[in-house]
Amino acid sequence: MKIVVYGASGYQGKLVLTELARRDIEMVLAGRDLARLEGAASAVGLPGAERRLAGTGDHEALVHAFRGCDGVINCAGPFTMSGEAVVRAAIAAGCHYVDTSGEQLYVKKIFDTFATEAENAGVTVVPAANDGCVPVDLMAQILADRLESVEEIISIHRVVGGGAMSRGSLRSLVETIDAIKAGGITYDDGDWRTGVPARHTSIRLPGESQATPVMAFPVSEVVTIPRHIRLRHVEGLTEAALGDQLNAPLTSEIIEGLPEGPDAESRRTQHFTYVLDAAGTDGRRARGVVRGPDTYGTTAVIAVESARRLIADPAKPGVLAPAQAFEPTAFLEFLVPYGIQWTVEEAPAT
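First things first, this report covers the structure right here in the doc. Since this is a predicted model, take the numbers as computed values, not measurements. (Residues numbered from 1 in each chain as written. Predicted model: local features only at pLDDT ≥ 70, side-chain atom pairs only at ≥ 80, totals over all residues. Heavy atoms only, no water.)

1. Concerning the overall build of the chain
Our working definition: Numbering of helices and strands runs from the N terminus, with a helix taken as a DSSP run of H or I at least four residues long and a strand as a DSSP run of E at least two residues long. Throughout, a residue-residue contact means that at least one pair of heavy atoms, one from each residue, lies within 4.5 Å. Note on areas: these come from Shrake-Rupley sampling with a 1.4 Å probe, and a residue is covered only by the protein chains present in the view. We score Asp and Glu as negative and Lys and Arg as positive, and we do not count His or the chain ends. Charge coordinates come from a single atom per side chain, which is NZ of Lys, CZ of Arg, CG of Asp or CD of Glu.
Within the chain one finds 15 helices and 16 strands. If you line up the chain on its principal axes, its C-alpha atoms span 55 × 45 × 35 Å. Once local pairs closer than 6 in sequence are excluded, the contacts in the chain between residues at least 24 apart make up 75%. A total accessible area of about 14500 Å² is found for the chain, and carbon and sulfur atoms account for 48% of it. Distance from the positive charge centre (32 side chains) to the negative charge centre (45 side chains) of the chain: 1 Å.

What follows is the structure in structure tokens.
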């Protein structure tokens, strides 16, 4: 098994390299800058790792960089700007593909653009193989199986601690800020729509006696869940306090002056809670909760395991949601030793 990491010299890319090395999976480092790739190889203790140069503006070079590999993990954001080129090249090279994107509209575009192309090539594409979308999408299928017939799913993201975002995450934020401020898209009555008012302005989260104010937020599972669950409504929410942070000025010059990403100690102090509230068509309700540490480290584990599973136990070709590509309970159980906890319980009344 050989996996190529595109964007290997970035903050998330180096975490993915580290996870591949820990699991003794052969890898290729790919990107636009040889010096940065050599620095990444040295930083993760792999000075002899193979490096291949290719920019996203050169399709043939990208295809050549991916040839001979079984899978591609794309960590090169902002994905809205360059992700499509990497997907297209991976398909042309016959490689299964995952990426670490959390950019909602980009994820939707991959489904809309590459489904037939990937299917015809016998390649499986799973975008948004990250700490949020994969466990939440898998949990959604578990809730749907429990309720049997689903009316709506509300997904709430809460992240505490961890220091500042990586420079790559901040660049993605700048590129998609208008969509983020608008709350992204909502799945409503059989289509994805913009400008749909959030159903809830506050949610009582697990372990809390009072409701937390929330705001609409463009989470990727709004795109993936309707691919495998028949339902009427899906929306994404996060804490309303994030709105104040989004109003802070952020330029490329400011981003370049910041650290590459949170240090190891900051990552150790970070915790996330993702909550899915599902309502059945018969009035029954269920809640799924996923908790874990270190969004960046967890994303590296999930991206590597997603690529490994696509190679070792191929899913059907095409662009797939996580729950279409992987058995939900088995994947969530795989994550438990990495500090991920997941539970299914009765949902509180809203």
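2. Some thoughts on the sheet that holds strand 1 (residues 2–6)
Backbone-to-backbone hydrogen bonds pair the strands of a sheet. The strands run either parallel or antiparallel. Rule in force here: Pairing between strands is defined by DSSP: at least two bridges between them are needed. Orientation is described by lines fitted to C-alpha atoms, with helices fitted over the stretch in contact, and by angles between N-to-C directions that extend from 0 to 180 degrees.
Strand order across the open sheet formed by seven strands is 3-2-1-4-5-6-15, with parallel pairing between neighbours. The sheet is open, and its two borders are formed by strand 3 (50–53) and strand 15 (318–319), each paired with just one other strand. Pairing of strand 6 (residues 124–126) with strand 15 involves two bridges; the strand directions are parallel. Residue pairing across strands places Thr124 opposite Gly318, the latter belonging to strand 15. Relative to strand 3, helix 2 (residues 34–43) is tilted by about 155 degrees, and along the sheet it contacts strand 2 (26–31) and strand 3.

3. What about the environment of Ile142?
Quick note on the threshold: Partly exposed describes any residue whose relative accessible area lies between the buried limit of under 20% and the exposed limit of over 50%, with all areas from a 1.4 Å probe on protein chains only and scaled to the type maximum.
Assignment of secondary structure puts Ile142 in helix 6 (residues 133–147). Overall, Ile142 belongs to the buried group, its relative accessible area being 15%. Sequence-distant contacts of Ile142, defined by excluding residues within four places in its chain, comprise Pro328, Thr329, Leu332, Trp342 and Val344.

4. Examining the packing of aromatic side chains
Operational definition: In this analysis, rings of Phe, Tyr and Trp, with Trp reduced to its six-membered ring, are considered paired at centre separations within 6.5 Å, and the interplanar angle assigns stacked below 30 degrees, edge-to-face beyond 60, and tilted for intermediate values.
As enumerated under the stated definition, the model contains eight aromatic pairs in all. Ring plane angle 85 degrees and centroid distance 6.2 Å describe the contact between Tyr6 and Phe66, whose orientation is recorded as edge-to-face. Placement of Tyr6 in strand 1 and of Phe66 in helix 3 (residues 59–66) is noted, with a sequence separation of 60 residues between them. This pair shows no difference in class: Tyr6 is buried, exactly as Phe66 is.

5. With respect to helix 2
Condition: The directions from the helix axis to the C-beta atoms form the arc being described. Each polar contact in these results corresponds to two N or O atoms within 3.5 Å; when the atoms are within protein, one needs to be able to donate a hydrogen and the other to accept it, and residues that are neighboring in sequence are counted only if both atoms are side-chain atoms.
Listed in full, the buried residues belonging to helix 2 are Leu37, Ala40 and Ala41. Considered in projection along helix 2, the buried side chains sweep an arc of 100 degrees and stay on one side of the axis. Those residues of helix 2 that are exposed and aimed more than 90 degrees away from the buried face are Ala35, Ser42 and Ala43. Where helix 2 is buried, its residues touch helix 1 (11–22), strand 2 and strand 3. A distance of 2.9 Å separates the backbone nitrogen of Ala35 from a side-chain oxygen at the start of helix 2, and that oxygen is part of Asp33. Positive backbone phi, at 80 degrees, marks Gly45, one or two positions downstream of helix 2.

6. Here we look at the pattern of salt bridges
Note the following rule: Salt bridges are defined as contacts in which a side-chain nitrogen from Lys or Arg sits within 4 Å of a carboxyl oxygen from Asp or Glu.
If you walk through the whole model with that rule in mind, you get 22 salt bridges. Between Lys2 and Glu26 there is a salt bridge, with the nearest N and O atoms lying 3.6 Å from each other. Taken together, the residues Lys2 in strand 1 and Glu26 in strand 2 connect sequence positions 24 residues apart. In this structure Glu26 comes out as partly exposed when scored by relative accessible area, which is 45%. Via salt bridges that share partners, Lys2, Glu26, Glu50 and Arg52 belong to a single interconnected network.

7. With respect to the pairing of strand 11 (residues 212–216)
Here strand 10 (residues 202–203) runs beside strand 11; their pairing, made up of two bridges, is antiparallel. Looking at the pairing, Ser202 lines up with Pro213 of strand 11. Taken together, the three bridges between strand 11 and strand 12 (residues 233–239) define a ladder with antiparallel strand orientation. Its bridge partner lying in strand 12, Ala216 is registered against Leu237.

8. Observations regarding the nonpolar core
Rule in force here: Here, the term nonpolar core denotes a set of buried Ala, Val, Leu, Ile, Met, Phe, Trp, Tyr and Cys residues that are joined through side-chain atoms within 4.5 Å.
One finds Leu29, Phe66, Ile73, Val125 and Ile153 to be the most contacted residues of the largest nonpolar core, which totals 100 residues. Element by element, the count of residues in this core is highest for helix 6, at 10 residues. In contact with Leu29, not counting residues within four places along its chain, are Val5, Ala8, Leu17, Leu37, Ala40, Ala41, Ala49, Glu50, Arg51 and Arg52.

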